[in-house]
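# Coordinate inspection notes
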Amino acid sequence: MSEKNKADSTSRRTPGHLEREESQLWRWALMFLVLLATGLAALAWDRLQDFPYHLGAIPVGLVILSILFAVYVYGRRREVSELKSLLHDLEERSGAAPSPEQLDQLSQVISRSQKSFKELIDSLEDAAFALSLDGTLRTVNRSMSDLLHLPYAEIVGRKLDEFVEEPVRAEIEANLGRFLEKRHWAGLVNVRLKNSTRVLYFDCTLNAIVKDDEVVGTSVLARDVTSEREKETRFTELFETLQEGIYFSSPEGKLLDANSALATMLGYETKEQILALSPEQLSFSTGQAAALGNVGKSPSGVRQREITLRRKDGAAAIFMDTSRAILDGYGNVIRYQGTLVDVTQRRGIEKKLREQERFQRYLLESFPDLILVIGLDESYQFVSSRIRDVLGGKPEDLLGKKVTETEHAPELIALCREILAGRMTFGACEYGIRHSDGSWRMMRASVSALHDAERALSGAIASIRDITIERKFEAQVIESERLAAMGQMIGGFAHELNNPLTSILGMADLLQDTASDETRKQLTTLQHEARRAAEVVQNLLYFSRPPAPGRNPIDPGELIERTIHLHTYSLRKNNITIDFLREPVRLVSGDAHQLMQIFLNLVRNAEQAIRETRDRGTLRIRCSNSSQAVSITFQDDGAGISAEVLPYIFDPFYTTKRPGRGTGLGLSICKAILREHGGGIEATLGPGGGAVFTVTLPTMKAQTSHA
Ligand code: ADP
């Protein structure tokens, strides 16, 4: 700047002008205080409200800006006061030319002013520079020279293109016209410097430098936003490359933004297509609440739930939605953001597996055998519901328990252990076990090793069948064969004995007429014993070939009453009480005489069993209808039958009574008669210690249909 210009600029600053400038400065200072106060207030407000936006940076920025500004104002204020005093001196000299000292002082003040202005510009972190319209750099601040790695003197006066690879000059000139018109431009510029290959991003503000209302250049303030842009790019890349669907939605369920993965999951080509959908179009069923929007009463916090959205082809797509509500300062939901994982296929597979599992369970449950699965830890892992019939009780009574904790048969447990130890792959066993109703059942178990998908041993599976009835039938067949053989043999003996006995009795009768008194007495004894022998022979014949029974309708209750009546005297004499509750039962078809013989035999046996141990007792008789038969039980409180004796009591000639008291034919004849009637007889140990005999007779109807 020439001496003349210096004098001009000084002379233009009149005292009034300077006064205005000073008061302007004070106004700026006041504004600075207001700004500072606003900044601090915002900081306090931010803390109070826990604002979601990062307002913390605003007051800090304001304070720094205000301090810089204050420094600047302070410097300018000093400068203005110096100028004021100089002008005042000049005025006082009223038109006299300023002295060389005064001019020197004036020039020093001006250069100091320029220097402080430059310092202010240099202190800016953003790159600041001025360009003439041909692209020549007029001035640059320290940030700009740092960016170009060159000192101020080596930059100023050179063209911008010498340092910048991109944007190219042609690109800048293409937009120059618009800038000259508006005189202002702000925006993001991608820059590649010649000293680096990295692309930098600058947020730029351009203001025209105007001289005599003509644009002669531009001032540029450029903030380096490269790292923010890079972060943003990385986030966008992540957003777009994630396999999960990512979305932002309004509280009403309208998609605000989403990644392309979500568009693909819903069968669309671009994300713009799904952003154009209304909440209703996204929902799978009409009338359903917006799937992505507000749910329930508590919109805040992370929510994880399964939602169904409609695909482009109209099919249902099931998603696992993990999302979060974003709230404003008042706790209202501004939007939801979250991820969606497509679980449609997984749900489909799960459904199929469930169906398969149900089918397999149904198969196992419908199996007539009881199925048990025992794990390697010897615990019951599966128990089919057949357990209710086979053993009584529920599957839950066993499930999860160790085999040793339950009362299952030791034979089965031992077999399972062999299989679980890998010493066997298959085995079978038969064992007896008590049903929960107290009865003793026979079981046959087949146990196999169970393997998992990797063919590793995972447990044992047992199929258990109740073979009690099967065994009973087998025993019955064996017994009836044995009895038939025995009957044939006994029948032969009886015939052989019958003839000599008849001769003995006939001869004894003849001898009676001629014999002396003494001999007659002996003959009477002989006849008595021969008759007893004949009676036994008759019984034997009865057992081996019982006469065909008559087929008359018989009320078993009435027949029992008649039997008791016939035997009343003996019962009373032996203090035996008959407890007979005559309940109406169906009629049976049979031979009244033969059936009475059975009942009488059972009453007599009970009487004898009671008398064996005590001088009084009770015989309890009950009749009941079962599906196709009438059952009559005779339960006494006598000596009872020991377990060792029980299997033989129906055998002919088996007796525990002393000689002369029993022949051992009573029960075998009963059995033979009942067999002829299509019925049966069983003996069990009574609960109170006595014996229980159960006679079964088919009812009239059952017999007819059977015949
Ligand atoms: P007997 O009465 O001649 O011995 P049975 O065939 O009638 O022949 O009986 C066979 C055996 O059955 C008897 O010896 C006895 O041991 C047993 N018995 C039959 N009835 C009873 C009963 N009510 N109580 C205990 N034991 C019985």
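Residues numbered from 1 in each chain as written. Predicted model: local features only at pLDDT ≥ 70, side-chain atom pairs only at ≥ 80, totals over all residues. Heavy atoms only, no water.

### Side note on the sheet that holds strand β13 (residues 380-383)
Short version of the rule: Each pair of strands is called paired provided DSSP finds at least two bridges between the two strands. Helix and strand definitions here come from DSSP, where helices need a minimum of 4 consecutive H or I residues and strands a minimum of 2 consecutive E residues; each element is numbered from the N-terminal end. Think of each axis as a best-fit line through the C-alpha atoms, taken over the contacting stretch in the case of a helix, with angles from 0 to 180 degrees between the N-to-C directions. Throughout, a contact is declared for two residues whenever any of their heavy atoms are within 4.5 Å.
Ordered by their spatial adjacency, five strands build an open sheet running β13-β12-β16-β15-β14, and the pairing between neighbours is antiparallel. Of all the strands in the sheet, just β13 and β14 (426-434) have a single pairing partner and so form its edges. With direction set aside, neighbouring strand axes in the sheet form an average angle of 25°. Where strand β12 (residues 370-375) lies against strand β16 (residues 457-466), six bridges are found, and the strand directions are antiparallel. Its bridge partner lying in β16, Gly375 is registered against Gly459. Packing against the sheet, helix α16 (residues 468-514) makes contact with β14, β15 (440-451) and β16, and its axis sits at approximately 125° to β15.

### A word on the pairing of β16
Where β15 meets β16, nine bridges bridge the pair, whose relative direction is antiparallel. Residue pairing across strands places Ala445 opposite Ile464, the latter belonging to β16.

### As for the site of the ligand
Keep this limit in mind: Here a residue counts as near a molecule or strand whenever at least one of its heavy atoms sits within 4 Å of it. Throughout this description, a polar contact denotes any pair of N or O atoms lying within 3.5 Å of each other; where both atoms belong to protein, one of them has to be capable of donating a hydrogen while the other can accept it, and for residues adjacent in sequence the pair is counted only when both atoms sit in side chains.
Taken together, 19 residues are adjacent to the ligand, and Thr655, Thr656, Lys657, Gly664 and Leu667 come closest. Between the ligand and Asp636, the relevant distance is 3.0 Å, taken from a nitrogen atom to a side-chain nitrogen or oxygen of the residue. In the model, an oxygen atom of the ligand is placed 2.4 Å from a nitrogen or oxygen of the Thr656 side chain. Here the shell around the ligand gets three residues from one element, more than from any other, and that element is helix α20 (residues 592-613).

### Here we look at unusual backbone geometry
Most of the time, phi is negative for any residue but glycine, and the peptide bond is trans. We count it as follows: When accessible area is computed with a 1.4 Å probe and restricted to protein chains, residues below 20% of their type maximum are described as buried, those above 50% as exposed, and intermediate ones as partly exposed.
Cis geometry is adopted by the peptide bond preceding Pro167, which originates at Glu166 and carries an omega value of -5°. For Pro167, the location among the structural elements is in the loop between β3 (164-166) and α7 (169-174). Positive phi is not limited to glycine here, since Arg455 has a value of about 65°. Of note, Arg455 is situated in the loop between β15 and β16. Look at Arg455 and you get exposed, because its relative accessible area is 74%. Although it is not a glycine, Asn575 sits at a positive phi angle of roughly 55°.

### Considerations on the packing of α16 against helix α17 (residues 517-544)
Put simply, the test is: Any angle that falls under 35 degrees is termed roughly parallel, while one over 145 is termed roughly antiparallel, one within 65 to 115 roughly perpendicular, and all others oblique. Note on convention: the crossing is left-handed when the near helix lies turned anticlockwise from the far helix by less than a right angle, right-handed when the turn is clockwise. Polar here means any residue other than Ala, Val, Leu, Ile, Met, Phe, Trp, Tyr, Cys and Pro, which are nonpolar, and Asp, Glu, Lys and Arg, which are charged; Gly is therefore polar.
Interhelical geometry of α16 versus α17 gives an angle of 155° and a closest axis separation of 8 Å. By the angle between their axes, α16 is roughly antiparallel relative to α17. The chirality of how α16 crosses α17 is left-handed. Of the residues assigned to the contact of α16 with α17, the class counts are 18 nonpolar, nine polar and four charged.

### Description of a positive patch on the surface
Definition in use: For patch detection, residues must exceed 30% relative accessible area and be free of salt bridges, and they are connected within 9 Å for like charges or within 5 Å for nonpolar side chains (Val, Leu, Ile, Met, Phe, Trp, Tyr). All accessible-area figures derive from a Shrake-Rupley calculation using a 1.4 Å probe, and residue coverage is judged against the displayed protein chains alone. Any carboxyl oxygen of Asp or Glu within 4 Å of a side-chain nitrogen of Lys or Arg constitutes a salt bridge here. Charge assignment: positive for Lys and Arg, negative for Asp and Glu; neither His nor the chain ends contribute. Positions of charges follow a simple convention, taking NZ of Lys, CZ of Arg, CG of Asp or CD of Glu.
Among the surface-exposed residues, Lys573, Arg611, Arg658 and Arg661 lie close enough to one another that they form a single positively charged patch. Within the secondary structure, Arg658 is located in the loop between β21 (629-636) and α21 (666-676).

### A closer look at the side chain of Ser283
Within the element layout of this structure, Ser283 appears in the loop between α12 (279-282) and β9 (302-310). Residue classification places Ser283 among the buried residues on the basis of a relative accessible area of 3%. A distance of 2.9 Å separates the side chain of Ser283 from the backbone oxygen of Pro279, its partner in a polar contact.

### A word on helix α15 (residues 410-420)
Because the α-helix completes a turn every 3.6 residues, residues three or four places apart line up on one side. Worth spelling out the cut-off: When we speak of the arc, we mean the arc of directions from the helix axis to the C-beta atoms.
Listed in full, the buried residues belonging to α15 are Leu412, Ile413, Leu415, Cys416, Ile419 and Leu420. With its buried residues spanning 165° around the axis, α15 presents them on a single face. Looking at the buried residues of α15, the elements they touch are β12, β14, β15 and β16. One or two steps after α15, the chain reaches Gly422, where phi turns positive at roughly 85°.

### Here's the deal with the pattern of salt bridges
Counted under the stated rule, the structure contains 34 salt bridges. Among the ionic pairs, Lys271 bridges to Glu240, the shortest N-O distance being 3.3 Å. Here Lys271, found in helix α11 (residues 271-275), pairs with Glu240, found in helix α9 (residues 226-241); they are 31 residues apart in sequence, far enough to count as distant. Classification of Lys271 as buried rests on a relative accessible area of 19%. The salt bridge involving Arg582 is made with Asp555; its shortest N-O contact spans 2.7 Å. One end of the pair, Arg582, is in the loop between β18 (576-581) and β19 (588-590); the other, Asp555, is in the loop between β17 (552-554) and α18 (556-566), with 27 residues separating them in the sequence. The network of salt bridges with shared partners includes Glu430, Arg444, Glu470, Arg471 and Glu474.

### So, the sheet that holds strand β10 (residues 316-327)
Taken in spatial order, the five strands of this open sheet run β8-β7-β11-β10-β9, and their pairing is antiparallel. The open sheet terminates on both sides in strands that have one partner only, identified here as β8 (255-258) and β9. When the angles between neighbouring strand axes are averaged without regard to direction, this sheet yields 30°. When strand β7 (residues 245-249) meets β8, the two strands line up antiparallel, connected through three bridges. For Tyr247, the partnering residue across the bridge sits in β8 and is Ala258. Packed onto the sheet, helix α13 (residues 344-366) meets β9, β10 and β11 (333-342) and runs at close to 130° relative to β10.

These results come straight from atomic positions and should not be treated as a statement about function.
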